[in-house]
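Take a look at the letters that make up each chain.
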Amino acid sequence: MKTLVLIPAYNEGFKIGEVIEGVKATGFDVLVVDDGSIDQTAKISKASGADVLSHKINRGQGAAILTGLSYAKSNGYEIVVFFDADGQMQAQEIKKIIDPIASGEYDVVLGSRFLGSAKGIPLTKLFLLKLAILFTRLTTGLKLSDTHNGFQAWHISALDKINLTQDRQAYASELLAEIAENNIKYQEVPVTIKYTAYSKSKGQSIFNAFHIIFNLLIKR
Amino acid sequence: MPIQFILVIIIILAVLRLLYQLKNKNIGLSQFFMWLVIWLIAIVIIWQPKITTYLAALVGIGRGVDLAIYISIIVIFYLMFRLLIRIEKIEKDITKIVRSEALKNNKEHD
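S.K.: Got a minute to help me understand the overall build of chain B in this structure?
M.R.: Scanning chain B for helices and strands turns up four helices and zero strands. Element order for chain B, N to C, with α for helix and β for strand: α-α-α-α. Here chain B has a C-alpha radius of gyration of 22 Å; the compact-globule value for 110 residues is 13 Å, and the former is much larger. Taken along the three principal axes of its C-alpha coordinates, chain B extends 75 × 35 × 25 Å. A burial count over chain B gives 5% of its 110 residues as buried. Long-range contacts, defined here as pairs at least 24 residues apart, represent 29% of the contacts in chain B between residues at least 6 apart.

S.K.: Hey, could you run me through the domain arrangement of chain B in this one?
M.R.: Frequently, the measure chosen for interface size is the accessible area that the parts lose on association. Partitioning chain B into structural domains gives domain 1 (1-48) and domain 2 (65-110). Here the C-alpha centre of domain 2 of chain B lies 27 Å away from the C-alpha centre of domain 1 of chain B.

S.K.: Where do I start with the nonpolar core in this structure?
M.R.: The tendency in soluble globular proteins is for nonpolar side chains to be buried as a group. Residues and elements named next belong to chain A. Ranked by size, the top nonpolar core spans 64 residues in total, and within it L6, V32, V80, V81 and V109 carry the most contacts. Per-element tally for this core: the top contributor is helix α3 (residues 61-74), with seven residues. Aside from chain neighbours lying at most four places away, what touches V32 is I7, A9, I16, I20, S45, A50 and V52.

S.K.: Honestly, the pairing of strand β3 (residues 51-55) of chain A in this entry has me stumped. Any pointers?
M.R.: One face of the sheet, then the other: side chains in a regular strand alternate in exactly this way. Residues and elements named next belong to chain A. The element β3 is extensively covered by neighbouring structure, given that four of its five residues are classed as buried. Relative to β3, strand β2 (residues 29-35) runs parallel, the two sharing five bridges. Within the sheet, the bridge partner assigned to L31 lies in β3 and is D51. After leaving β2, the chain enters helix α2 (residues 41-47) and then returns to the sheet as β3, a path that is right-handed.

Rules used in this analysis
Residues numbered from 1 in each chain as written. Chains lettered and ligands numbered in written order. Predicted model: local features only at pLDDT ≥ 70, side-chain atom pairs only at ≥ 80, totals over all residues. Helix = DSSP H or I, 4+ residues; strand = E, 2+ residues; numbered from the N terminus. Rg over C-alpha atoms; globule rule 2.2 N^0.38 Å. Buried ≥ 20, exposed ≤ 12 C-beta atoms within 10 Å, placed from the backbone. Contact = placed C-beta atoms within 7 Å. Domains from an automatic or database assignment. Core = buried A, V, L, I, M, F, W, Y, C linked by C-beta atoms within 7 Å. Pairing = 2+ DSSP bridges. Right-handed = clockwise from strand over helix to strand, strands pointing away.

Structural data, given as structure tokens:
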């Protein structure tokens, strides 16, 4: 099936070239949505062989994902893989994550670092994720082993069923809520997430968790 | 009392500003009258604070000042809620524009 690897990126010039080359080596098409970066993200991405869409100003990861989905739909892609720009994820695991969709058994595959491995995960992050898993279970009823894991694959028909409204980080919770609401068939697949000094510096700050919860409670 | 004069002068300035906004068409007539009524009520209350005591007694609150504070808080919360909704809508619209621009630029490159 025609597959697009979608990489939202905001000021990831340091790492993105390497990440795109890794994905390209697996043979999949790559789309980078440059979310208003002020560094060389767009230029490096193009040079590395990705298609690039550029937001003129920063609109958040959720907004960037939606832009990419719009592109995927109008270009006839059947599977969209969400992939991070900071080098935490392993390109060779993309095949593993789309297999359950390609075989027609599932519509969505969610990467799970707790079924797989989370190398070098900081303790505070681990604690917060466990809380978030509990939060997801309470709010959506989904019994997941991981949550807010950006490594996912979606069949385009499942994406048509859902409605995303969150521009910023809270979109990740929204995706899960939509899976639960629409009874979309999903499977969790073990993946490896490697935390490096760089990815940690780029990642979510702890306080953002409160921000996400606020967004979900007030704005949904 | 001097405080009454000071407050009334401030309100007169606010009304002048309001007139100016209307003249420059920054606000519509309905908005103008809404604010005008609010400021006029404020002037009446400043000169005759006893009115609030009377109104408070009517709705079962002890002091006029308390009634004024309750109403103010409700109005402020309501306005804040409306502002939040408004900002949210504007944010969404900005995202839509940014998105269509990004998709359009990509097509032009093809």
